[in-house]
Amino acid sequence: MAATRKRTRRGIEDVSDRKAKVIKTSGEKRHIAALILARGGSKGIPLKNIKMLAGVPLIGWVLRAAVDSKQFDSVWVSTDHDDIEKVAKAWGAQVHRRSPEVSKDSSSSLDTIQEFARLNPEVDVICHIQATSPCLHPFHLKEALEMITKQGFTSVFSVVRRHHFRWQEVKKGGSVATQPLNLDPSNRPRRQDWDGELCENGSFYFSTRALIEEGVLQGGKWAYYEMLPEYSVDIDVDIDWPVAEQRVLRFGYFGLDKPEVVRLLLCNVSGCLTDGRVLISVSGEEMVSVNTRDTMGIRMLQREGVEVILISSGEDPVTKALADNLSQRTGCEVRQLGKDIQGEVTAMMDDRDLDWKEVAYMGNDAPDVDCLILAGLSAVPRDAPVVAINAAKYSCHNAAGLGAVREFSEHILLLKKKAKSQMEQDRIHRKYISILNSRMCSKVGIGIRNNIMTFYRISR
């Protein structure tokens, strides 16, 4: 038995933050867990699950969506690798340390999920989320889970609509003619006249404990949840990576906070704007190297109304002469901070009546960790230590002093542009809903109403 859901890019718009409740027959609330499988022994791309995609570890994209959906009583990553475990915990997940028996190349996903279920008897419903689906959004998970909580399905899996004509495979050297599998070649349909076929995209699988214990992920009263093609991204080999990166920058989920509210960037001088080296002349004068790409990135932000402050710590101070030169070249205030970096940053925010979500922070080491975690947007250069990378929301492709600041500046502006575009889409959506609900629309007939709906889907 299958249920059909019509998709739009934003999904159903009445998304609330209330955690979904699944009630047992006894009236007790059931435990719903999200589980992401992330084995360390990927053959196609080594440690693929924590490789950076658009500045975020691949697994971070789905963990962010799962946590922000507010639908799960617990969010887990199942892994056999120490580095993946560290990243998972940094992104708010608990860790199921899988046994060697289910960590082999021959082990199936179901084997690992069954082990997880045995070790966590309190879990009643498991959502297996693929780590390689970086365009997953919270509303996908919420709407799919409601098919279990409100419609009574026991398993729900994600699909995408494809318009591919399929033909029977003929083995090499075979003399048998191929045959069409899903079309009549003498009456080939136009794409717009064909609904296409629904294919699993592997983004997620909701299953009850009873099904998993029976040895299946899909069964009982099952249903599919249709996702739009732009959200259906899967990564298996290196060639997929640049394509996925462009797709996720356009259609990925960047968090609950809207990026357009960033009004202040705090950027470390040493290890971010510069490469961390200080050159000392024979006369004792200190010199640093600043990349013109980075200063241009700062000016790009300033033109968009973002204040930029360059900071240095007491452990790595900048001389007054150097600070004056940097200020003159960049047009930024250069401020010396003490040991309590978070406290002094908070004071700067209070002076400007700002919240953390309105602040972007670029740091490069352990003293910056607290601010990297709290800031609405945060970044580190490519060569930052692991402790800083795990705390940041964006990890640059470029190294310190070699374009990292420019890259982060462009990332901030890209998110701002994305947010403005989303606001325009929301405006069109509200107008569309108003038209469909108006008395005039109810009187002009189904034909005009359908034309309005077609226009809306194109505009989205």
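Reading the values: the criteria
- Residues numbered from 1 in each chain as written.
- Predicted model: local features only at pLDDT ≥ 70, side-chain atom pairs only at ≥ 80, totals over all residues.
- Heavy atoms only, no water.
- Helix = DSSP H or I, 4+ residues; strand = E, 2+ residues; numbered from the N terminus.
- Buried < 20%, exposed > 50% of the residue type's maximum accessible area, 1.4 Å probe, protein only.
- Contact = heavy atoms within 4.5 Å.
- Areas by Shrake-Rupley, 256 points an atom, 1.4 Å probe, with all protein chains shown as cover.
- Polar contact = N/O pair within 3.5 Å; in protein donor to acceptor, adjacent residues only side chain to side chain.
- Phe/Tyr/Trp six-rings, centres within 6.5 Å; stacked < 30°, edge-to-face > 60°.
- Lys NZ or Arg CZ within 6 Å of the ring centre and 35° of its normal.
- Core = buried A, V, L, I, M, F, W, Y, C linked by side-chain atoms within 4.5 Å.
- Pairing = 2+ DSSP bridges.
- Axes fitted to C-alpha atoms, helices over the stretch in contact; angles between N-to-C directions.
- Salt bridge = Lys/Arg side-chain N within 4 Å of Asp/Glu carboxyl O.

1. Concerning the overall build of the protein
Right, on to step 1. On a plain count of helices and strands, the protein comes out with 15 helices and 17 strands.
Right, on to step 2. The buried share of the protein, taken over its 460 residues, is 48%.
Right, on to step 3. For the protein, long-range pairs separated by at least 24 residues make up 67% of all intrachain contacts whose partners lie at least 6 apart in sequence.
Right, on to step 4. Within the structure as shown, the protein displays about 23000 Å² of accessible surface, and the carbon and sulfur contribution to it stands at 51%.

2. Notes on the side chain of Ser99
Right, on to step 1. Structurally, Ser99 is set in the loop between β5 (94-97) and α3 (109-119).
Right, on to step 2. At 2.4 Å, the side chain of Ser99 forms a polar contact with the side chain of Glu115.

3. Regarding the packing of aromatic side chains
Right, on to step 1. This model, assessed by the stated rule, comprises 8 aromatic pairs.
Right, on to step 2. Centre to centre, the rings of Phe204 and Phe206 are 5.7 Å apart; their planes meet at 75 degrees, and the pair counts as edge-to-face. The pair formed by Phe204 and Phe206 is uniform in burial state, with each residue classed as buried.
Right, on to step 3. Between Tyr394 and Phe408, the ring centres sit 6.4 Å apart and the planes meet at 25 degrees, which makes this aromatic pair stacked. One end of the pair, Tyr394, is in strand β17 (residues 394-395); the other, Phe408, is in helix α13 (residues 404-437), with 14 residues separating them in the sequence.
Right, on to step 4. Looking at Tyr394, the relative accessible area reads 7%, which means it is buried.
Right, on to step 5. Given a relative accessible area of 1%, Phe408 falls into the buried group.
Right, on to step 6. What links up through ring pairs into an aromatic cluster is the set Phe72, Phe204, Phe206 and Tyr225.
Right, on to step 7. Between Lys221 and the ring centre of Phe153, over which it is positioned, the NZ or CZ distance is 5.0 Å.

4. Brief notes about the nonpolar core
Nonpolar side chains in soluble globular proteins generally cluster together in the buried interior.
Right, on to step 1. Ile59, Ile129, Phe204, Phe206 and Phe408 are the most contacted members of the largest nonpolar core, which totals 83 residues.
Right, on to step 2. At 7 residues, the largest contribution of residues to this core is made by helix α1 (residues 58-69).
Right, on to step 3. Among residues more than four places away in sequence, those in contact with Phe206 are Phe72, Val125, Ile126, Cys127, Leu141, Ala144, Leu145, Ile148, Thr154, Ser155, Val156 and Leu217.
Right, on to step 4. Counting residues in hydrophobic clusters, the runner-up holds 23 residues, among them Ile311, Val359, Ala388 and Ala391.

5. Points about the sheet that holds strand β7 (residues 155-162)
Right, on to step 1. Spatially, β5-β4-β1-β6-β8-β7-β9 is the arrangement adopted by the 7 strands of the open sheet, whose pairing is mixed. On the outer flanks of this sheet lie β5 and β9 (222-227), each paired with one strand and no other. The sheet shows a mean angle of 30 degrees between the axes of neighbouring strands, taken without regard to direction.
Right, on to step 2. Taken together, the 6 bridges between β7 and β9 define a ladder with parallel strand orientation.

6. A look at α1
Right, on to step 1. Counting buried positions along α1 gives 11 out of 12 residues, so the element sits mostly inside the fold.
Right, on to step 2. A positive phi of about 60 degrees marks Lys70, the residue just after α1.

7. Points about the side chain of Glu85
Right, on to step 1. Counting through the fold element by element, Glu85 comes out in helix α2 (residues 82-90).
Right, on to step 2. A relative accessible area of 18% places Glu85 in the buried class.
Right, on to step 3. Those residues in contact with Glu85 that lie beyond four places of it in its chain are Thr79, Val95 and Arg97.

8. Notes on the sheet that holds strand β10 (residues 264-268)
Right, on to step 1. Taken in spatial order, the 6 strands of this open sheet run β14-β13-β10-β15-β16-β17, and their pairing is parallel. Here the strands that pair on one side only, and so sit at the sheet edges, are β14 (333-336) and β17.
Right, on to step 2. Across 4 bridges, the pairing between strand β13 (residues 307-312) and β14 is parallel. Bridging from a neighbouring strand, Leu310 pairs with Val334 of β14.
Right, on to step 3. On the sheet, helix α10 (residues 341-351) packs against β10, β13, β14 and β15 (359-362) and is oriented at approximately 145 degrees with respect to β15.

9. Comments concerning unusual backbone geometry
Only a minority of non-glycine residues have a phi that is not negative, and only a minority of peptide bonds are not trans.
Right, on to step 1. Of note in this structure, Lys70 is not a glycine but carries a positive phi near 60 degrees.
Right, on to step 2. Summarising the element assignment, Lys70 is placed in the loop between α1 and β4 (74-79).
Right, on to step 3. Although it is not a glycine, Asp353 sits at a positive phi angle of roughly 55 degrees.
Right, on to step 4. Its location among the elements puts Asp353 in the loop between α10 and β15.

10. As for the environment of Ile412
Right, on to step 1. Relative to the helices and strands, Ile412 resides in helix α13.
Right, on to step 2. Take Ile412: its relative accessible area is 2%, and that puts it in the buried class.
Right, on to step 3. Ignoring sequence-local partners within four residues, the contact set of Ile412 consists of Val262, Leu301, Ala360 and Leu377.

11. Overview of the pattern of salt bridges
Right, on to step 1. Counted by the stated rule, this structure contains 17 salt bridges.
Right, on to step 2. Residue Glu197 is joined to Arg166 by a salt bridge in which the shortest nitrogen-to-oxygen separation is 3.1 Å. Taken as a pair, Glu197 in strand β8 (residues 197-208) and Arg166 in the loop between β7 and β8 lie far apart in primary sequence, 31 residues in all.
Right, on to step 3. A relative accessible area of 23% places Glu197 in the partly exposed class.
Right, on to step 4. The partner of Arg190 in a salt bridge is Asp193, with the nearest N and O atoms 2.8 Å apart.
Right, on to step 5. On the accessibility criterion, Asp193 (51% relative accessible area) is exposed.
Right, on to step 6. Each of the salt bridges in this network shares a partner with another, and the network as a whole consists of Asp82, Glu85, Lys89 and Arg97.

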